Each structure stands twice: as C-alpha cells, then as structure tokens.
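Residue strings, one per chain:
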Amino acid sequence: MSVIIATTLTPDPTTGPATAKTLDGHADFALVPDDFTGYDALEFASWLGPLTSRLGIVPEVRATHLEPFHLATASATLDYAARARAGLAV
C-alpha cells in the first residue's frame, strides 16, 4: 500500500522557497493556491520548479480568468521548469 503525502504551499516569496526545499523528498507534491492578493500560482510554481528535485508542484488556476492559450503556455513552461514534476488543479 502506498501513501501520497500532499501539502499546501502559500505563494509567499520570503518563506516559499525555503519551505519547498524543506518539503523536497518528504512530500509527494505541494498544492499552490491561487489568490488574488499576492503572486500568481503559475508564476510562483514556475519559480519553485528549479529549486526542488523531487517535489511535485501543482498550482491551482482559475480557468475563467485566463485565456486558454495563456494557460496552456504557462503550464508548459511550468512543466519544463519543474522537469516533468508539475500538474494543474483547475
């Protein structure tokens, strides 16, 4: 039996990178919520992608606020930056 360990990572530039590095290897993936008060979840997740080596990064995106082309290119950029460890929660 396998257990998937997931956590939520707040898009904060002061604590986010250190938290992601701490979770790397200890959690399977981190969910990055999209809030309108701070950073965009896709941009923040793309920034965290190269900083980790085993942590899957799954940003929450609002499909009603983005054009489909922009969502597709941003998710492809995230997948490339995270070396195929990315997902999307729409």
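Engineer: I tried to follow the pairing of strand β2 (residues 29–32) on my own but got confused; where do I start?
Structural biologist: Consecutive residues of a regular strand have side chains that alternate between opposite faces of the sheet. Residue alternation in β2 divides its side chains into a buried set, A30 and V32, and an unburied set, F29 and L31. Summarising the sheet, strand β1 (residues 6–8) and β2 pair through three bridges and their orientation is parallel. Across the sheet, the residue bridging to T7 is A30, located in β2. Of the crossover connections in this fold, the one passing from β1 over helix α1 (residues 16–23) to the parallel β2 is right-handed. In this structure, β2 lies alongside strand β3 (residues 56–59), joined through four bridges in parallel fashion.

Engineer: Explanation requested: the nonpolar core in the structure shown.
Structural biologist: Buried together is how nonpolar side chains tend to be arranged in soluble globular proteins. L9, V32, L48 and L55 are the most contacted members of the largest nonpolar core, which has 16 residues in total. At the level of elements, α1, β2, α2 (41–48) and α3 (68–81) are the ones that each hand at least two residues to this core. No other element matches α2, which puts five residues into this core. In this structure, L48 is in contact with L9, G16, P17, A20 and I57, ignoring residues within four places of it in sequence.

Engineer: I keep staring at the packing of α2 against α3 and nothing clicks. Help me out?
Structural biologist: Think of two packed helices as two axes; the pair is described by the angle between the axes and how far apart they sit. Here α2 crosses α3 at 20°, and the two axes come no closer than 8 Å. On the basis of the axis angle, α2 is roughly parallel to α3. Handedness of the crossing formed by α2 with α3: left-handed. On α3, the residues touching L42, A45 and S46 of α2 are L71, A74, S75, L78 and A81. Looking at the contact of α2 with α3 residue by residue, the classes come out as six nonpolar, two polar and no charged.

Engineer: Mind showing me how you'd approach the environment of L51 here?
Structural biologist: Mapped onto the elements of the fold, L51 is located in the loop between α2 and β3. Taking relative accessible area as the criterion, L51 reaches 34% and is therefore assigned partly exposed. Along the sequence, L51 and A18 sit 33 residues apart, while their C-alpha atoms lie 9.3 Å from each other. The contact partners of L51, leaving out residues within four places of it in the chain, are P17 and K21.

Thresholds applied
- Per chain, residues are indexed from 1 in the order of the written sequence.
- Confidence filtering applies because this is a predicted model: local features only for residues at pLDDT of at least 70, side-chain atom pairs given and counted only at 80 or more, and all residues used for totals across whole chains, interfaces and linings.
- Excluded from the side-chain calculations are hydrogens and water; all other atoms, namely the structure's heavy atoms, are used.
- Only protein chains enter the area calculation, which uses a 1.4 Å probe; residues under 20% of their type maximum are buried, those over 50% are exposed, and those in between are partly exposed.
- Secondary structure elements are taken from DSSP: a helix is a run of H or I of four residues or more, a strand is a run of E of two residues or more, and numbering for both begins at the N terminus.
- A pair of strands counts as paired when DSSP detects no fewer than two bridges linking them.
- Throughout, right-handed denotes a crossover for which the path from the first strand over the helix to the second runs clockwise when the strands point away from the viewer.
- In these notes, a set of buried Ala, Val, Leu, Ile, Met, Phe, Trp, Tyr and Cys residues joined through side-chain atoms within 4.5 Å is what counts as a nonpolar core.
- Contacts are assigned to residue pairs that have any heavy atoms within 4.5 Å of one another.
- Geometry is summarised by axes, namely lines fitted to C-alpha atoms with helices restricted to the contacting stretch, and by angles between N-to-C directions that run from 0 to 180 degrees.
- For classification purposes, angles smaller than 35 degrees are called roughly parallel, those larger than 145 roughly antiparallel, those between 65 and 115 roughly perpendicular, and all remaining angles oblique.
- Handedness of each helix crossing follows the sense of rotation of the near helix against the far helix: counterclockwise by less than a right angle gives left-handed, clockwise gives right-handed.
- Only Asp, Glu, Lys and Arg are considered charged in this grouping, and only Ala, Val, Leu, Ile, Met, Phe, Trp, Tyr, Cys and Pro are considered nonpolar; every other residue, Gly among them, is considered polar.

Just geometry here; none of it tells us what the structure is for.
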